[in-house]
Amino acid sequence: GVNNGVAFNPPSTATYTDMSENVFAFNNSNASGGAVYLTNGDFELVNNTFYKNTAGNSAGGFNSQGGSSSSVLANNIFRQNTDAAGDGDFVCLSSSPILNNYLTGVSQFTDTLNLIGQDGLWMTADDGLKLKPVSSILNGGDNSMVKSAIDITGAARIQYALVDPGAYENENVVTRWYVSAAQDSISPDGTSWVTAFPKFQDGVDAAKTGDSVWVAH
């Protein structure tokens, strides 16, 4: 859902809600749950991306008033969702497992100025809310929670041992980082010798579990 008010608010008689591989961006509610509001029943919300949704009351992204230990909130990305009550990105009033969700304080996305991408089509590989190849949260999901064999674009899930959080699976993941004290690049990102980090700690900070950091002598 994009620019739609509350993107999803099922009837109070609903007993189960299953949502995965979705993007919720710039939605707004005068009440609670800027993108998704559930009043009843169990739920599974897995591998969704919530971006800049707002609520006039509680939880800018997702608000659940129901659920139980059978409900699951997993592998989601929440970024800059706001609410008047100060509850933040999501509220779950149940004992549901909350696993490998990311509330990113620093943008991990490819292009937040052009969410739809250069092709002008949603749900394609150039969407702006796809994670950067250098994102620190790539491969940060829980494989046991995956609901679909493909992501929102149709790309295969779990391409590098662990699933990516959010609605998009990234096929281009940086696993080797470069450090050179002689580097004078204006914008070092550590992805090559030409753009190597000038400090070893920069490489360590960028590396994920299983990555390598190469240092020039």
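Refer to the structure presented above.
Here the structure is a predicted model, which means the values were calculated and not measured.

*Asks:* Even after reading the chapter, I still don't get the overall build of the protein chain, so can you show me in this structure?
*Replies:* Looking only at helices and strands, one finds 1 helix and 16 strands in the protein chain. Taken over the C-alpha trace, the protein chain has a radius of gyration of 19 Å; the compact-globule value for 217 residues is 17 Å, and the two agree within 12%. Dimensions of the protein chain, computed from the C-alpha atoms along their principal axes, are close to 65 × 35 × 30 Å. Split into buried and exposed, the 217 residues of the protein chain put 45% on the buried side.

*Asks:* What should I look at first to understand the sheet that holds strand E5 (residues 42-46) in this one?
*Replies:* Adjacent strands of a sheet pair through backbone hydrogen bonds, lying either parallel or antiparallel. Strand order in the open sheet formed by 4 strands is E1-E5-E9-E13, with parallel pairing between adjacent strands. Both outer strands of the open sheet, strand E1 (16-20) and strand E13 (98-99), are each paired with one neighbouring strand and no more. Where E5 and strand E9 (residues 72-74) come together, 3 bridges link them in parallel fashion. Note that in E9 the partner of Leu45 across the bridge is Leu73.

*Asks:* Any chance you could explain unusual backbone geometry here in plain terms?
*Replies:* What is expected of a backbone is that most residues other than glycine have negative phi and most peptide bonds are trans. Positioned with a positive phi, Gln80 is a non-glycine residue whose angle comes to about 55°. By secondary structure assignment, the location of Gln80 is in the loop between strand E10 (77-79) and strand E11 (82-83). With a relative accessible area of 37%, Gln80 lands in the partly exposed category. Positioned with a positive phi, Met123 is a non-glycine residue whose angle comes to about 65°. Judged by relative accessible area, which is 48%, Met123 ranks as partly exposed.

*Asks:* How should the nonpolar core be read in this particular structure?
*Replies:* One finds Val23, Ala25, Tyr51, Phe109, Leu129, Leu131 and Tyr168 to be the most contacted residues of the largest nonpolar core, which totals 14 residues. Counting 13 residues, the second-largest nonpolar core is a separate cluster that includes Phe43, Phe50, Leu73 and Phe78.

*Asks:* So what exactly am I meant to see when it comes to the packing of aromatic side chains here?
*Replies:* Here the distance between the centres and the angle between the planes together describe a pair of aromatic rings. One pass over the full model with this rule turns up 9 aromatic pairs. Between Phe50 and Phe78 the ring centres are 4.7 Å apart and the planes differ by 10°, which places this aromatic pair in the stacked class. Of this pair, Phe50 sits in strand E6 (residues 49-51) while Phe78 is found in strand E10, placing the two residues 28 residues apart along the sequence. Like Phe50, the residue Phe78 is buried in the burial classification. Ring plane angle 85° and centroid distance 5.8 Å describe the contact between Tyr51 and Phe109, whose orientation is recorded as edge-to-face. Here the residue Tyr51 occupies a position in strand E6, and Phe109 occupies one in the loop between strand E14 (102-103) and strand E15 (176-179), the gap between them amounting to 58 residues. Like Phe109, Tyr51 is buried. Three or more aromatic residues joined by ring pairs make a cluster, and in this case those are Phe24, Phe50, Phe78 and Phe90.

*Asks:* Explanation requested: the sheet that holds E6 in the structure shown.
*Replies:* Pairing within the open sheet is parallel, and its 4 strands lie in the order E2-E6-E10-E14. Looking at strand neighbours, the two that pair on one side only are strand E2 (23-25) and E14, the edges of this open sheet. Relative to E14, E10 is paired through 2 bridges, and the arrangement is parallel. Within the sheet, the bridge partner assigned to Phe78 lies in E14 and is Leu103.

*Asks:* So what exactly am I meant to see when it comes to the pairing of E15 here?
*Replies:* If a strand is regular, its side chains alternate between the two faces of the sheet. Bridging between E15 and strand E16 (residues 212-215) involves 4 bridges; their strand directions are parallel. Across the sheet, residue Arg176 finds its bridge partner in E16, namely Ser212. At this point the chain moves from E15, through helix H1 (residues 200-206), to the parallel E16, and the crossover so formed is right-handed.

*Asks:* Help me understand the pattern of salt bridges, please; the structure alone is not making it clear to me.
*Replies:* Opposite charge on two side chains lets them pair, provided their charged atoms get close. Under the counting rule described, the total for this entry stands at 5 salt bridges. Here Asp18 makes a salt bridge to Lys147, at a shortest N to O gap of 3.4 Å. One end of the pair, Asp18, is in strand E1; the other, Lys147, is in the loop between E14 and E15, and 129 residues separate them in sequence. The class for Lys147 is partly exposed, based on a relative accessible area of 35%. One salt bridge in this structure joins Arg157 and Glu169, with 2.7 Å as the shortest N-O distance. On the criterion of sequence distance, the pair formed by Arg157 in the loop between E14 and E15 and Glu169 in the loop between E14 and E15 is long-range, its members being 12 residues apart. Comparing Arg157 with Glu169, the two get one shared label, buried.

What counts, and where the lines are drawn
Residues numbered from 1 in each chain as written. Predicted model: local features only at pLDDT ≥ 70, side-chain atom pairs only at ≥ 80, totals over all residues. Heavy atoms only, no water. Helix = DSSP H or I, 4+ residues; strand = E, 2+ residues; numbered from the N terminus. Rg over C-alpha atoms; globule rule 2.2 N^0.38 Å. Buried < 20%, exposed > 50% of the residue type's maximum accessible area, 1.4 Å probe, protein only. Pairing = 2+ DSSP bridges. Core = buried A, V, L, I, M, F, W, Y, C linked by side-chain atoms within 4.5 Å. Phe/Tyr/Trp six-rings, centres within 6.5 Å; stacked < 30°, edge-to-face > 60°. Right-handed = clockwise from strand over helix to strand, strands pointing away. Salt bridge = Lys/Arg side-chain N within 4 Å of Asp/Glu carboxyl O.

Everything listed here is a matter of geometry and, on its own, says nothing about what the molecule does.
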